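Fold and geometry: a report
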Amino acid sequence: PKSGWRGVLVDEGRHFMGEATIKRFIDTMALYKYNVLHWHLTEDQGWRVEIKKHPKLTQVGAWRTEPDGTRYGGFYTQAQIKRIVKYAKDRGVTIVPEIEMPGHCSSALASYPELGCRRAKIEVPTNWGVFTDVYCAGRESTFEFLEDVLDEVIPLFESPYFHIGGDEVPKTNWKACADCQRRMKAEGLADEHELQSWFIRRIQSYLAKNNRTLVGWDEILEGGLAKGAVVQVWQDIERAIPAVKAGSPVILSPQSHLYLNRPAESLSMRNVYEHVLLPAGVTAKDVLGHEVTLWSEHITPDNLFARFLPRGIAAAEMFWSDPPRDWASFSKRMDAHLAWMDEQGIPYGPADAAISTASLESLTAQGVGRVHVETGLKDIVVRYSLDGRLPTARSPKVSGSVDFPIGKTLTIRPFRDGKPVDWPKVFRSASHLGYGRPVELNRPPAERYSRAGFNGLADGFTGSEDFDDGMWMGWQGTDLVATVDLGAVRPVRSVTLTCLHQMRSWIYLPKRVRIEVSENGVDWVLLGEASHAIDERDDRTLIQPFNVTKAAQARFVRATAESFGKLPVWHLGAGGDTWIFADELIVR
Ligand code: ACM
Ligand code: ZN
């Protein structure tokens, strides 16, 4: 091989794969001669490994309450882990565990709040991003806890390597924490980056006592690299150079070419295939190897294989052969692989397209929404439901497009051989007096969140918990004033502006929404005001209706949403302009 460490990262934190899926995945890795499963076992959104001394990690930290109220989670018992390690070993795959620190640990802090600087009671989060609550680097109790965890995890695995994450650690709370500041003084550390480096070195020496070499993401370069640590480069491939200069072996996982969690429409098989394995100034002897990633924000057991293959075959060939690479020859050989995977029932995905795409059309004259569907592979079938439930293999098929009456919820989901192969997409809608009527705005929304081609606040389509679902309109750093013209004076009894709260994405509910009505567009009457009780630190994604219920006669209805203002000091983006996100101005 050109690459000794031919790894795949599987993130169990965001979505839990479970023993049957991960074993099948290991089989597939082995077929293409990958030899390292980098098993990301802890994340903000879930702790996935049983720790007997600290049982809340799996009683509390392995479970989260989704926005729809359902509980989601799971974990591996230590007995299961031993079984899976043995299973992998029998197939030539070594498992390298990752226990993430000092950041990406909300699930641990939700279980044991005293591990965080703020000692705040937090929930296991249900949304993605970088969280400011991290392990306190000041208190000894943090290290006692982490050593307990390592004591239980190390013996489960045979690899000489142990991954501790180390990526994306906001220093916000360390700056404000008396214990962390005391630690910095006592250790003579100049800043919080050096505190992070000190943290990593301390864990490194504990691992060394247990005959394990520390692996960390390239952030461990910041504040001084721990000598002898392995650096996994992900951000910018150039980060390999300082690591190599410092004598550290590197694992290359550039997000530009080896992040297979990125969908194939943004990272095609050809992009992967033609990637240059070694950056300039780095030679084969400097690198331990390469690794593709499957971060699971948007991956579940349903589409794990479709993200990995066929692009993972291109990466495997690259890990085994010299350049130059002959795309035409590779493509021809791929035909045989695809036929063979079909025969084996391996649910691979498209090489350079989305599994399925859905585009929406608004037919206000008919009162319907129309969704056009395309699939990235011929044998993928998209099925739908109109009752808000998840489509099954027996639900009706979408052929080309499907219409749904405004007021209904359309759910579509791609299937292959009777099994779901990707996420469902949900289109929610509301029927009301303002539907299809012209809306005047004080300011156009940001282009990216503009519902381009739609009359966004009156098109009947409402948003989901995904702020980027295309249904939400966004305005940054400004109040929003929206006026709908109902076309004639009508009796009105209720007006609602629906807004989104997603603290981590800078999306804040307006402080209040004022509703005014007018019969002529000149003389306005205040109908009422609506506010909310959501805390500014609340890190859930919340869809909040601002409703005023009062009878009136009106042709024009105006909603004025008052911006939250700048991001608070404790926020990662402190001082930045917040967004207002709104999806529909509903008049009944
Ligand atoms: C990473 O993608 N945060 C390593
Ligand atoms: Zn602290």
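These remarks concern the structure in this document. (Residues numbered from 1 in each chain as written. Chains lettered and ligands numbered in written order. Predicted model: local features only at pLDDT ≥ 70, side-chain atom pairs only at ≥ 80, totals over all residues. Heavy atoms only, no water.)

With distances of 2.3 Å, the protein atoms coordinating the zinc ion (ligand 2) are Cys117 (SG), Cys136 (SG), Cys177 (SG) and Cys180 (SG). Taken together, the 4 donor atoms surrounding the zinc ion (ligand 2) define angles of 103 to 115° at the centre, an arrangement classified as tetrahedral. The motif formed by the donor residues of the zinc ion (ligand 2), counted along the single chain, is C-x18-C-x40-C-x2-C. Taken together, the residues span a long stretch of sequence, with Cys117 in the loop between helix 4 (106-111) and helix 5 (140-153) and Cys180 in helix 7 (residues 178-187) at a distance of 63 residues. With respect to class, Cys117 is no different from Cys180; both count as buried. (Donors = N, O, S within 2.8 Å, 3.2 Å for Na, K, Ca; no water. Tetrahedral: all angles 85-135°; square planar, octahedral: opposite > 155°, others 65-115°. Helix = DSSP H or I, 4+ residues; strand = E, 2+ residues; numbered from the N terminus. Buried < 20%, exposed > 50% of the residue type's maximum accessible area, 1.4 Å probe, protein only.)

On to unusual backbone geometry, then. For residues other than glycine, phi is negative in most cases, and the peptide bonds are mostly trans. Here the amide bond leading from Met101 into Pro102 is cis, since omega sits at -10°, within 30 degrees of zero. Mapping Pro102 onto the fold places it in the loop between strand 7 (94-101) and helix 4. In this structure, Pro310 follows Leu309 across a cis peptide bond, with omega equal to 10°. By the element assignment, Pro310 lies in the loop between helix 11 (304-308) and helix 12 (311-320). For Glu168, which is not glycine, the phi torsion reads 50° and is therefore positive. Take Glu168: it is sitting in the loop between strand 8 (161-165) and helix 6 (172-176). In this model, Asn211 sits at a positive phi of 60°, which is unusual for a non-glycine residue.

Pairing analysis gives 8 bridges linking strand 13 (residues 356-363) to strand 14 (residues 368-375), with the strands arranged antiparallel. If you follow Glu361 over to strand 14, its bridge partner there is Arg370. Hairpin remark: strand 13 followed by strand 14, antiparallel, with 4 residues in the connecting loop; positive phi at Gly367, about 70°. (Pairing = 2+ DSSP bridges.)

With that settled, consider helix 3 (residues 78-89). For helix 3, which comprises 12 residues, the first-to-last C-alpha distance of 16 Å matches the rise-based estimate of 16 Å (1.5 Å per residue) to within 8%. Residues Gln78, Gln80, Ile81, Ile84, Val85, Tyr87 and Ala88 constitute the buried set of helix 3. In this structure, the buried residues of helix 3 make contact with helix 1 (19-31), strand 2 (36-40), strand 7 and helix 5. (Expected span 1.5 Å × (residues − 1). Contact = heavy atoms within 4.5 Å.)

Judged by pairing direction, the barrel is parallel, and its 8 strands sit side by side in the order 1-2-7-8-9-10-11-12 before closing back on the first. Pairs of neighbouring strands in the sheet enclose a mean axial angle of 30°, with direction left out of account. Pairing geometry for strand 8 and strand 9 (residues 213-217), over 3 bridges, is parallel. Paired with His163 across the strands is Val215, a residue of strand 9. Its contacts with the sheet place helix 5 against strand 7 and strand 8, and it is angled at close to 170° to strand 7. (Axes fitted to C-alpha atoms, helices over the stretch in contact; angles between N-to-C directions.)

So, about the sheet that holds strand 16 (residues 401-405). Overall, antiparallel pairing links the 3 strands, which are arranged 13-14-16 in an open sheet. Since the sheet does not close on itself, it has two edges, and those belong to strand 13 and strand 16, each with one partner. Sheet twist, expressed as the mean angle between neighbouring strand axes with direction ignored, is 25°.

Turning to the environment of Pro545, a few remarks are in order. The topology assignment puts Pro545 in strand 26 (residues 542-561). Pro545 sits in the partly exposed class, given a relative accessible area of 47%. In this structure the C-alpha to C-alpha distance between Pro545 and Ala530, which are 15 residues apart in sequence, comes to 8.9 Å.

For Trp234, the location among the structural elements is in the loop between strand 10 (230-233) and helix 9 (240-245). Measuring from C-alpha to C-alpha, the distance between Trp234 and Ser253 comes to 4.9 Å, with 19 residues separating the pair along the chain. The contact partners of Trp234, leaving out residues within four places of it in the chain, are Asp167, Glu168, Trp217, Asp218, Glu219, Ser253, Pro254, Gln255 and Tyr259. A polar contact is formed between the side chain of Trp234 and the side chain of Glu219, at a distance of 3.0 Å. (Polar contact = N/O pair within 3.5 Å; in protein donor to acceptor, adjacent residues only side chain to side chain.)

Attention now goes to the pattern of salt bridges. Under the defined criterion, the tally for this structure stands at 37 salt bridges. Linking Glu140 and Arg202 is a salt bridge whose minimum nitrogen-to-oxygen distance equals 2.7 Å. Of this pair, Glu140 sits in helix 5 while Arg202 sits in helix 8 (residues 192-209), placing them 62 residues apart in sequence. Here Lys566 and Asp577 are joined by a salt bridge, their closest N and O atoms 2.9 Å apart. (Salt bridge = Lys/Arg side-chain N within 4 Å of Asp/Glu carboxyl O.)

On to the nonpolar core. Tyr34, Trp39, Tyr135, Phe199, Ile203 and Phe308 are the most contacted members of the largest nonpolar core, which has 108 residues in total. With 7 residues, the top contributor of residues to this core is helix 8. The contact partners of Phe199, leaving out residues within four places of it in the chain, are Met101, Pro102, Tyr135, Ala137, Phe143, Leu146 and Trp174. Core analysis: the next-biggest nonpolar cluster, separate from the first, contains 28 residues, Val484, Leu486, Val492 and Leu497 among them. (Core = buried A, V, L, I, M, F, W, Y, C linked by side-chain atoms within 4.5 Å.)

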